[in-house]
Amino acid sequence: MTGGGLANPAPLGLFGFGVTTVLLSFDNAGISSPKLLNLVLAHALFFGGAAQFASGMWEFKANSIFGATAFSTFGAFWISLAAFIWAHEGGLYAMTTELDMTLYFLCWGVLVSLFTVITSRISTAHFALFGGVAIVFFLLALGEWNL
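Rules and cut-offs
Residues numbered from 1 in each chain as written. Predicted model: local features only at pLDDT ≥ 70, side-chain atom pairs only at ≥ 80, totals over all residues. Heavy atoms only, no water. Helix = DSSP H or I, 4+ residues; strand = E, 2+ residues; numbered from the N terminus. Contact = heavy atoms within 4.5 Å. pLDDT = per-residue confidence, 0-100. Buried < 20%, exposed > 50% of the residue type's maximum accessible area, 1.4 Å probe, protein only.

Focus on unusual backbone geometry
Point 1. In this structure, Asn-63 takes a positive phi of about 65° despite not being glycine.
Point 2. One can find Asn-63 in the loop between α2 (36–61) and α3 (65–89).

Now the structure itself:
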């Protein structure tokens, strides 16, 4: 390693988001064993959550405000989702309904839609990525809505 500069934290944040998303998708699709949920939650807390949040903090240091905001926000998303699911599965939130998760994913869909608008000024790749993630959140909300 040469120099005292900061390495690009974006790959850590992107891998944290991507790997955790793929693992959760296996669980959502029902093509995994019940034990996979524990692996997903562990990844959500530490790789998708803490590592991605740290990546966002390093983006602040690199003066990348959008990267810092996006990675920190998604890191917080994974941590909150893991904590909620663990608490629910452990009986702490036994009265949780499908509407609660519907509203949770709907709020995230709106937030990511705002990110999508912002990315229209950054690049086509960013716009496509965030647009796709926004669609996924709205589809997750629709999938949870079993009223």
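Once the structure has been displayed, the description carries forward.
Some words on the side chain of Thr-20
Point 1. Mapped onto the elements of the fold, Thr-20 is located in helix α1 (residues 10–29).
Point 2. Aside from chain neighbours lying at most four places away, what touches Thr-20 is Val-40, His-43, Ala-44, Phe-47, Gly-48 and Trp-78.

With respect to the confidence of the model for the protein chain
Point 1. On average, residues of the protein chain score 87 in pLDDT, and 91% of them reach the 70 mark or higher.
Point 2. Taken element by element, the protein chain is modelled with least confidence in α1, mean pLDDT 87, and with most confidence in helix α5 (residues 124–144), mean pLDDT 92.

Re the environment of Leu-140
Point 1. Here Leu-140 lies in helix α5.
Point 2. With relative accessibility at 23%, the residue Leu-140 sits in the partly exposed group.
Point 3. Sequence separation between Leu-140 and Gly-109 is 31 residues; the distance between their C-alpha atoms is 9.1 Å.
Point 4. Residues in contact with Leu-140, not counting those within four places in the same chain, are Asn-28 and Phe-105.

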